[in-house]
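# Understanding the architecture of this molecule
Listed below, chain by chain, are the residues.
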Amino acid sequence: MSKNLSHLSGRKGLTDNLFDRYGQLIKGDDAAKADDLNKLADEFLIGTSSIYGATTFYDFLKPENQGKKIYVCNGSACLCADTQPALKKKLLDHFSEDQIGEMCCLGRCHENHAFYFEGNNYSGNSIQNMEAIINEGYASPDHYVVKVLGPVILTKSFADIKTYYQPLDEVLQKSSEDLIKMIKNSGLRGRGGAGFPMGAKLEFCHQAQGDVKFIICNADEGDPGAYSDRYLLEQQPHSVLFGMLVAGYVTGAQHGVIYIRGEYPESVRVMEDAVQALEIANLAGQQILGSQFSFHFKIIKAQGAYICGEETALINSIEGQRPEVRTRPPYPAQYGLFGKPTIVSNVETLASLHYIIENGSEAYRSFGTELSTGTKLLSLDSHFTQPGIYEVEMGTPLQDVIDAAGGFRTKIKALHIGGPLGGLVPAHKISDLTIDFESFKQEGFLLGHASIVSIPETMPMIEYLRHLFEFAAHESCGKCFPCRLGTKRAEEMLRKSIEEEYQIDRILFDDLIHTLEIGSLCAHGGGIPLPVKNALHYFNEELSSHFSISSNVLVK
Ligand SMILES: Cc1cc2nc3c(=O)[nH]c(=O)nc-3n(C[C@H](O)[C@H](O)[C@H](O)COP(=O)(O)O)c2cc1C
Ligand code: SF4
């Protein structure tokens, strides 16, 4: 992290935001012009190398991706559904090979065949309407089931703004301390992956000194296979905004940034409309509902980089710096955006606050388990008979969720749960798991953000591992050696073992995995070993021909 760059970018802050300006440099299919980048560098008093370093990081801004007209999803769910080769073949009737790029992932995991074209995502049967899509800008919204197993907290239907924001009156009468106590008592833990207690995070930021503070809603949902944040952004936008208002009031923050991944264009539009509606209703902006509390929303559209979901990379991204992970401490609650105390919270965590405020902490913690309270959204992929978003009470058996979704359409051998850094659950372990942080940890997996990608019997496990490392290498921020080099080397070894007469030295491979695990700066490099270790453990027999010693060696 460069404090100097944070300061320089912070002079214009969110009003004339440097990262926003990068996006505006792209005109049509052309890459940003060197002249424009130099001008920007001069304007912000930042060296050109910093500007080039930042802009060339992002998939949508990279010069090598300019000229692309259409993007095919290369996420894990589309890979496992095996829909993309046929899709690409059909697209070649309309576009040249050079014009077809890749994006990861479009969150259309429930019906696959996913692609992005001119500000809209398409999936399922959309390809049948390609002429209309190209010539008339035809948009085809997707449909998926939304089911509930337990209380309805996150998927409750929305009546109108007035009714929904009524509890805000009560919030504005209370002290920060009382609200923090309430949120702490609810037991709410972060839904972005790590499960950090929300109340404690708010308390740290509340206690941090500073006139200017920020609330960042992390809507960069990058886990391939996950689309539960997309559901909330598009179908329940006010639950997210309400949560941000509460977090702002509690901590004394006046600014809320919603950082939404560029792969979700529809989410950006819905959130923009929702913010505008709040401004009109005096529920955002100066002196909300006549109180002393002012809170301004800013939506930032990201530019395609998985690592920007990591909270410190995300902060660097908003500042217009190259989105590398920062070393901690200091933590964002003390030293975050533009060096100011900042809360970074996941969409679903923020969306959970409305229920707590309206019904009290006891009501919330009466659901779930002692340590994992409330409900969790799960994203189910197209291998389920009824794919979609499932709101599930914490502690619910995983098998019950599968039954509610009508089981699987095809034979599956494993479930990859919790994104690329989550565990690989072999089919026979499903009955041992309940949906809560502790159960997954105890069994050697990770609940994470709770996306479920089904790995069919027909998918070779070695190919899935190669895909994971390709993803990890592409998305590594490059800040630390183990991840920058290790993910690439692992991908090369796996690829070679698939394409050539080559067996991977298992001791070397285990050593690499171990180095990634203990030597990486953040949970990207540190987390990717988990699914790999699960695969080596549970699919040892299937994988053995790719390794030079197939016994149960170092990795347990
Ligand atoms: C590689 C990586 C990617 C991440 N991606 C996301 C993401 O897309 N969304 C998210 O909310 N958290 C993501 N996180 C976790 C964030 O760093 C952070 O813990 C989270 O936003 C905090 O919010 P919560 O406490 O509400 O979970 C990611 C972490 C890592 C290491
Ligand atoms: S582990 Fe990877 S993503 Fe994380 S800091 Fe290191 S290089 Fe960056």
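Being a predicted model, the structure only gives us computed values, none of them experimental. (Residues numbered from 1 in each chain as written. Chains lettered and ligands numbered in written order. Predicted model: local features only at pLDDT ≥ 70, side-chain atom pairs only at ≥ 80, totals over all residues. Heavy atoms only, no water.)

Looking only at helices and strands, the protein chain has 26 helices and 14 strands in total. Taking 556 residues into account, the globule formula puts the C-alpha radius of gyration at 24 Å, and the protein chain, at 23 Å, falls close to it. A burial count over the protein chain gives 59% of its 556 residues as buried. For the protein chain, restricting intrachain contacts to residue pairs at least 6 apart in sequence, the fraction spanning at least 24 positions comes to 72%. Separation of charge centres in the protein chain, based on 50 positive and 69 negative side chains, amounts to 4 Å. (Helix = DSSP H or I, 4+ residues; strand = E, 2+ residues; numbered from the N terminus. Rg over C-alpha atoms; globule rule 2.2 N^0.38 Å. Buried < 20%, exposed > 50% of the residue type's maximum accessible area, 1.4 Å probe, protein only. Contact = heavy atoms within 4.5 Å. Lys, Arg positive; Asp, Glu negative; His and termini not counted. Charge placed at Lys NZ, Arg CZ, Asp CG, Glu CD.)

Relative to the helices and strands, threonine 83 resides in the loop between helix H5 (76-81) and helix H6 (84-91). A residue is classified by how much of its surface remains accessible, and threonine 83, at 10% relative accessible area, is buried. Ignoring anything within four residues of it in the chain, the contact list for threonine 83 reads Cys78, Asn112 and His113.

Here the focus is the site of ligand 2. The environment of ligand 2 is formed by 13 residues, the closest being Cys477, Lys479, Cys480, Cys483 and Cys522. Classifying every residue of the shell around ligand 2 by side-chain character gives seven nonpolar, five polar and one charged. (Near = heavy atom within 4 Å. Nonpolar A, V, L, I, M, F, W, Y, C, P; charged D, E, K, R; others polar.)

Taken together, 19 residues surround ligand 1, and among them Gly192, Lys201, Asn218, Asn346 and Thr349 come closest. Between ligand 1 and lysine 201, the relevant distance is 2.9 Å, taken from an oxygen atom to a side-chain nitrogen or oxygen of the residue. In the environment of ligand 1, an oxygen atom lies 2.6 Å from a nitrogen or oxygen atom belonging to the side chain of threonine 349. Relative to its unbound accessible surface of 600 Å², ligand 1 loses 90% to contact with the protein. For the shell around ligand 1, the secondary structure elements donating two or more residues are strand S9 (342-346) and helix H24 (523-527). The element that contributes the greatest number of residues to the shell around ligand 1 is S9, accounting for three residues. Residue classes in the shell around ligand 1 are distributed as four nonpolar, nine polar and six charged. (Polar contact = N/O pair within 3.5 Å; in protein donor to acceptor, adjacent residues only side chain to side chain. Areas by Shrake-Rupley, 256 points an atom, 1.4 Å probe, with all protein chains shown as cover.)

The tally for this structure, following the rule as stated, stands at 35 salt bridges. A salt bridge links aspartate 16 to arginine 21, with the nearest nitrogen and oxygen atoms 3.1 Å apart. On the basis of relative accessibility, which here comes to 26%, the residue aspartate 16 falls in the partly exposed class. Here glutamate 542 ties to lysine 413 by a salt bridge, and the two come within 3.0 Å at their closest N and O atoms. One end of the pair, glutamate 542, is in helix H26 (residues 540-543); the other, lysine 413, is in strand S12 (residues 412-417), and 129 residues separate them in sequence. Of the residues examined, glutamate 542 reaches a relative accessible area of 34% and is grouped as partly exposed. Assessed through its relative accessible area of 9%, lysine 413 is described here as buried. (Salt bridge = Lys/Arg side-chain N within 4 Å of Asp/Glu carboxyl O.)

The final tally for this structure, using the stated rule, is 23 aromatic pairs. Connected via pairs of aromatic rings, a cluster forms that spans Phe19, Tyr22, Phe57, Tyr58 and Tyr259. A cation over an aromatic ring shows up here: lysine 3 above the ring of tyrosine 335, its NZ or CZ 5.2 Å from the ring centre. Here the basic side chain of lysine 496 rests over the ring of tyrosine 502, its NZ or CZ set 4.5 Å away from the ring centre. (Phe/Tyr/Trp six-rings, centres within 6.5 Å; stacked < 30°, edge-to-face > 60°. Lys NZ or Arg CZ within 6 Å of the ring centre and 35° of its normal.)

Take the sheet that holds strand S5 (residues 145-149) next. Read across the open sheet, the six strands follow the order S5-S11-S10-S14-S12-S13; overall the sheet is mixed. Edge positions in the sheet fall to S5 and strand S13 (424-426), since each of these pairs with one other strand and no more. The sheet shows a mean angle of 25° between the axes of neighbouring strands, taken without regard to direction. Pairing of S12 with strand S14 (residues 451-456) involves five bridges; the strand directions are antiparallel. The residue of S14 that forms the bridge with alanine 414 is isoleucine 455. (Pairing = 2+ DSSP bridges. Axes fitted to C-alpha atoms, helices over the stretch in contact; angles between N-to-C directions.)

Taken N-terminus to C-terminus, the directions of helix H12 (residues 228-235) and helix H13 (residues 237-251) make an angle of 90°; their axes are 5 Å apart at the nearest point. With respect to each other, H12 and H13 are oriented roughly perpendicular. Residues Leu232, Leu233, Glu234 and Gln235 of H12 touch H13, and the partners they reach there are Pro237, Ser239 and Val240. Looking at side-chain class alone, the contact of H12 with H13 contains four nonpolar, two polar and one charged residues. (Parallel < 35°, antiparallel > 145°, perpendicular 65-115°, else oblique.)

We now examine helix H23 (residues 506-519). Given a rise of 1.5 Å per residue, 14 residues ought to cover 20 Å, and the 19 Å separating the end C-alpha atoms of H23 matches this to within 8%. Taken together, the buried positions of H23 are Arg506, Phe509, Asp510, Leu512, Ile513 and Leu516. Each buried residue of H23 lies within a common arc of 155° when the element is viewed along its axis, so the set occupies one face. Contacts from the buried residues of H23 go to helix H21 (461-475), helix H22 (481-499), H24, helix H25 (529-538) and H26. The opening residue of H23 is aspartate 505, an N-cap whose side-chain oxygen sits 2.9 Å from the backbone nitrogen of isoleucine 507. (Expected span 1.5 Å × (residues − 1). Arc of directions from axis to C-beta.)

Looking now at the packing of helix H2 (residues 18-25) against helix H3 (residues 34-44). Axis angle and axis distance: for two packed helices, these are the angle between their axes and the distance between the axes, and together they describe the pair. Relative orientation of the contacting elements H2 and H3 amounts to 160°, with a least axis distance of 11 Å. With respect to their mutual orientation, H2 and H3 come out roughly antiparallel. Considering only the axes of H2 and H3, their crossing is right-handed. For the pair H2 and H3, contact is made by Leu18, Arg21, Tyr22 and Leu25 and by Asp36, Leu37, Leu40, Glu43 and Phe44, respectively. Per-class residue counts for the contact of H2 with H3 are six nonpolar, no polar and three charged. (Left-handed = near helix turned anticlockwise from the far one by under 90°.)

What follows is about the domain arrangement of the protein chain. When its domains are assigned, the protein chain resolves into domain 1 (3-65), domain 2 (70-143), domain 3 (146-365), domain 4 (375-456) and domain 5 (461-546). Of note, the centres of domain 3 and domain 4, computed from C-alpha atoms alone, are 26 Å apart. Listed by partner, the interface residues are 30 residues for domain 3 and 29 residues for domain 4. Together domain 3 and domain 4 conceal approximately 2300 Å² of surface at their shared face, both sides included; 57% is due to carbon and sulfur atoms. Looking only at domain 3, the three residues that lose the most surface to domain 4 are Lys147, Leu149 and Arg191, adding up to 31% of its buried area. Close ionic contact of lysine 376 with glutamate 348 constitutes a salt bridge, the shortest N to O distance being 2.7 Å. Viewed at the interface, domain 4 and domain 3 are joined by 21 residue pairs in polar contact (both at pLDDT 80 or more). Secondary structure elements with two or more residues in the side of domain 3 that touches domain 4: S5 and H12. Partitioned by chemical class, the residues of the side of domain 3 that touches domain 4 number 14 nonpolar, nine polar and seven charged. (Domains from an automatic or database assignment. Buried area = accessible area lost by both parts, 1.4 Å probe.)

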